[in-house]
Amino acid sequence: MQASTEARIESLLADLSDPQREAVTHTEGPLLILAGPGSGKTRVVTRRAAHLARTVTEPHHILAITFTNKAAREMQERVEMLDVGRGMTVSTFHAWCARLLRRYHQRAGVPPNFTIFDRQDRRKLLEEAIVSSELSTSNWPPRVVDSVISRAKNDMRTAGDFADGSADWERRTIARIYLAYEDLLTRRGGLDFDDLLMRVAMLLSKDSDLRAELEDRYRYVLVDEYQDTNAAQYLIARELTRRNKNLCATGDPDQSIYGWRGANIRNILSFEQDHPGAKVIRLEQNYRSTKRILAAADALIAGNVNRKIKTLWTQNEEGATVDVVELESGEEEAERVAGEIARQIRDGTRAGDVAVFYRINSLSRVIEEALIREGIAYQVARGVEFYNRKEIKDVLAYLRILINPADDTAMLRVINTPPRGIGPTTVQRLAQRARAGGRSIFELLRSGDDLSDVGRSAGKVGQFVELLGELAPALELGAREALEQVISRSGLRALYRGADGADSTPDANLDELISAASRFQQASPDATILDWLEHTALLSDVDTVRSEGGLVTLMTLHAAKGLEFPVVFVIGLEEGIIPFRRHEENEVDEEEERRLLFVGMTRAQKRLTLSHARYRMLRGRTDRTVRSPFLDELPRDQIEWSGAPAPSPRPSGTVEFRELPEDIAEWSAGTLVRHPLHGLGQILSLQRGSKWTLVDVEFQSGSRKTMAVEFAKLERVEFDEVG
DNA sequence: AATATTCCCGTTTTT
DNA sequence: CGGGAATATT
């Protein structure tokens, strides 16, 4: 018995490098694993969990928090393969928080049946809040207010303390909107994404009884992608491990790409100060990429000033050069990428091994079209889009209103969908009366109050309430039956059964929704409809990416984090796209953009191609582009340039200035000069700026160039020397 | 109430 | 360019 346990532990460590083994066998106290790309982090983390479960604790005392559901699922699977998975909690921050809030709803002060408001719901509510604050959405763009409030919540600032101490009028106005928004949200029994985190963080800091209970349950906590945690997540991790100190954080500061949504890279950088006695282990050997790919990525990230130096190395083969390709247009770029993929597939590459990454979603379209022309099957990581479709949201709204009668947002969506003769006037009256009575619309409707003054549609309203009453018991059924009942009896099925047959997708989507629900239930038989609803609300784009099935995968650079593919294309390497720049908003975090490209490049195992187009059509306009400055930071000896000249050789790091020529005083328009590359030319004009001396030169080749004398290797030539 | 039409918007990344 | 909202039309 004893011997076999030891053997099993030994097998957990057998094929690990020294630092990996050290990380796996660390048990007590804070641990930071700084894991470079492809350094076997997942393997270390799963082995460590298994090791803990075999040596010092039980699986159900372990909590592992990941960034996406996909990562959670994969980790769960891998831990189960090591035969210790049962009982271990593996979840995303958001999903875990949602579950906790339901379980401890009373202590958290939230309704047990709260609904999670998605981005659209939230936007709508915000618009309402703006209007009800007697402001206009044109002066206070919901988009902007939204991100400010979201940021505030991520930073743990409630509506109450958001404007505290600030004399800034704009800020105080947003605080008013924030307050109104919170009020609406509360009334509707809703929580938004950020609330899930903020509420739990607040709960854990205040409620020491609960904390003790959780600390007892979760004795070992692991937080993955720690570099992307925001203040709320940081607090949750800290509070959970206050007593036991067993926080294991894994991540890589060079892969921090969510600063824009409140992630604080400082969380990982100051882990050692925050957690005295922390052990730090660096995993720097890369098992994923070729030497050339790694060298290129490493050179790029070296351009960041604010970073902890890491030495990435690999024993993998040298591999092919990294390709940088310039094309004329986005269309040609897409054709080139699709053509190249087709060629590689003919040569034996599996389509599922290929991925195309882009900075902005709108770039996927051309690629998709080109892939279709080539007859290559692909998938786009855009799973959330499915749940944003009208017909899907309709169904979900029915479920929402049945689960949470306070959810007016859902009510307004379904009350006349499908059309049942309850027009805008009636709805408005109902909403008004509900508000006056401090109730939701559904609560008013089923209260039995006399609604005859509502008008002619009172009867229709009665029928609708009856319908909802009939549907309610369906929630107790299995997912499939429940959904089928709701869809058919609500009339949604009939509504979307394209009478003309022209467009049957909505109808098919309803079926797909039913299968998704029953798949979910199959995977977790104890789950309720509420659980499923929650699951759909917390789905991310990558979560829907299938690894089987042999499809080329298209996704944003953000979604690519944590994944790997043998063959990777990154498209749109143009100034303004990578690095992304938004007009009139100059606050671009160039270092974060560089990290983002770094993440993309380091996903590649064997082949990496970076491309850019000379002209790019965006939002209907075709513009001349400038290739991304990041391309010029790549080491020339690892790169194969095609379609465009390689950048002129430049000493690595800083730009070298030349002394001005001694005879510069004699230079003027008309002076003949020689340039090592362009040959003989004549100065057309010369101007001495405060910084540089600029000359316009016309060369014999006919080309005209403006160059700085401090840079250009120009030398003056006498007339008679030329003859 | 349903459909047709226009217009106007924004336009990064996402749990 | 394309989606969604507001507006016009029947």
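The coordinates are above.
What you see is a predicted model; the values in this text were computed from it and never measured. (Residues numbered from 1 in each chain as written. Chains lettered and ligands numbered in written order. Predicted model: local features only at pLDDT ≥ 70, side-chain atom pairs only at ≥ 80, totals over all residues. Heavy atoms only, no water.)

**Student:** Which parts of the structure should I look at to understand the nonpolar core?
**Tutor:** Generally speaking, soluble globular proteins have nonpolar side chains that are buried together. Ranked by internal contacts, the top residues of the largest apolar core, which has 65 residues, are Trp-96, Leu-196 and Ile-236. If we ignore the near neighbours within four places in the chain, the residues touching Trp-96 are Leu-63, Thr-89, Ser-91, Val-200, Tyr-218, Ile-236 and Leu-240. (Core = buried A, V, L, I, M, F, W, Y, C linked by side-chain atoms within 4.5 Å. Buried < 20%, exposed > 50% of the residue type's maximum accessible area, 1.4 Å probe, protein only. Contact = heavy atoms within 4.5 Å.)

**Student:** Please clarify how the pattern of salt bridges should be interpreted in this entry.
**Tutor:** Pairing is possible between side chains of opposite charge, provided their charged atoms come close. In this structure the tally under the stated criterion is 60 salt bridges. The residue Asp-207 makes a salt bridge to Arg-107 at a minimum N-O spacing of 3.0 Å. Taken together, the residues Asp-207 in the loop between helix 11 (193–206) and helix 12 (208–217) and Arg-107 in helix 6 (residues 105–108) connect sequence positions 100 residues apart. Among the residues examined, Asp-207 registers a relative accessible area of 14% and is labelled buried. Three or more residues joined by partner-sharing salt bridges are found here, namely Arg-122, Arg-123, Asp-146, Lys-153, Glu-182, Asp-192, Asp-194 and Asp-195. (Salt bridge = Lys/Arg side-chain N within 4 Å of Asp/Glu carboxyl O. Helix = DSSP H or I, 4+ residues; strand = E, 2+ residues; numbered from the N terminus.)

**Student:** Just checking my understanding: could you explain the protein's contact with DNA strand B for this structure?
**Tutor:** Surrounding DNA strand B, one finds 21 residues, the nearest of these being Arg-143, Arg-359, Ser-540, Arg-582 and Arg-619. Taking the atoms of DNA strand B that fall within 4 Å of the protein, sugar and phosphate contribute 51% of them. Side-chain polar atom of His-94 to a base oxygen of DNA strand B: 3.0 Å apart, as the coordinates give it. Residue classes in the surface near DNA strand B are distributed as 7 nonpolar, 7 polar and 7 charged. (Near = heavy atom within 4 Å. Polar contact = N/O pair within 3.5 Å; in protein donor to acceptor, adjacent residues only side chain to side chain. Nonpolar A, V, L, I, M, F, W, Y, C, P; charged D, E, K, R; others polar.)

**Student:** Sorry if this is basic, but what is going on with helix 27 (residues 505–523) here?
**Tutor:** If you check helix 27, its first and last C-alpha atoms are 26 Å apart, about what 19 residues at 1.5 Å a residue would give, namely 27 Å. Every buried residue of helix 27 is listed here: Pro-506, Asp-507, Asn-509, Leu-510, Leu-513, Ile-514, Ala-516, Ala-517, Ser-518 and Phe-520. As for helix 27, its buried residues are in contact with helix 19 (383–387), helix 20 (390–403), helix 25 (479–489), helix 26 (492–496) and helix 28 (529–537). (Expected span 1.5 Å × (residues − 1).)

**Student:** Quick question: what am I supposed to make of unusual backbone geometry here?
**Tutor:** Backbone phi values are negative for most residues with the exception of glycine, while trans is the configuration of most peptide bonds. Cis geometry marks the peptide bond from Thr-417 to Pro-418; its omega dihedral reads -5 degrees. Within the secondary structure, Pro-418 sits in the loop between helix 21 (408–414) and helix 22 (424–436). With an omega dihedral of 5 degrees, the bond running from Ile-578 to Pro-579 counts as a cis peptide bond. Along the polypeptide, Pro-579 turns up in the loop between strand 15 (565–570) and helix 29 (590–601). Here Met-156, not a glycine, exhibits a phi torsion of approximately 65 degrees, which is positive. Relative to the helices and strands, Met-156 is located in the loop between helix 8 (142–154) and helix 9 (159–162). According to the relative accessible area criterion, Met-156 is buried, its value standing at 19%.

**Student:** Quick question: what am I supposed to make of the packing of helix 8 against helix 11 here?
**Tutor:** Two quantities define a packed helix pair, namely the angle between the helix axes and the distance between the axes. Between helix 8 and helix 11, the shortest axis-to-axis distance is 9 Å and the interhelical angle comes to 20 degrees. Relative to helix 11, the element helix 8 is oriented roughly parallel. Seen along the crossing, helix 8 lies across helix 11 with a hand that is left-handed. Residues Ser-150, Lys-153 and Asn-154 of helix 8 pack against Asp-194, Asp-195 and Met-198 of helix 11. Looking at the contact of helix 8 with helix 11 residue by residue, the class counts come to 1 nonpolar, 2 polar and 3 charged. (Axes fitted to C-alpha atoms, helices over the stretch in contact; angles between N-to-C directions. Parallel < 35°, antiparallel > 145°, perpendicular 65-115°, else oblique. Left-handed = near helix turned anticlockwise from the far one by under 90°.)

**Student:** Would you mind showing me how to read the packing of helix 16 (residues 291–301) against helix 29 here?
**Tutor:** Look at helix 16 against helix 29: their axes get within 9 Å of each other, and the N-to-C directions meet at 175 degrees. Taken together, the axis directions place helix 16 and helix 29 in an arrangement best described as roughly antiparallel. Note on element contacts: helix 29 touches helix 16 through Arg-594, Arg-595, Leu-597, Phe-598 and Met-601, opposite Ile-293, Ala-296, Ala-297, Asp-298, Leu-300 and Ile-301. The residue inventory of the contact of helix 16 with helix 29, partitioned by class, reads 8 nonpolar, no polar and 3 charged.

**Student:** How should the environment of Ser-133 be read in this particular structure?
**Tutor:** Mapped onto the elements, Ser-133 comes out in the loop between helix 7 (119–132) and helix 8. The exposure class of Ser-133 is buried, given its relative accessible area of 9%. Ser-133 sits 48 residues away from Tyr-181 along the chain, and the two C-alpha atoms are 9.6 Å apart. Beyond its immediate sequence surroundings of up to four residues, Ser-133 is in contact with Arg-176, Ile-177 and Ala-180.

**Student:** It is not clear to me how the sheet that holds strand 8 (residues 279–283) should be interpreted in this structure. Could you clarify?
**Tutor:** Within a sheet, neighbouring strands are paired by backbone hydrogen bonds and run either parallel or antiparallel to one another. Spatial ordering of the open sheet is given by 3-2-6-7-1-8, a layout of 6 strands whose pairing is parallel. Each edge of the open sheet carries a strand with a single partner, namely strand 3 (89–92) and strand 8. The average angle at which neighbouring strand axes cross in this sheet is 15 degrees, direction not considered. Of the strand pairs in this sheet, strand 1 (residues 31–35) and strand 8 are connected by 5 bridges, and their pairing is parallel. Within the sheet, the bridge partner assigned to Leu-32 lies in strand 8 and is Val-280. (Pairing = 2+ DSSP bridges.)

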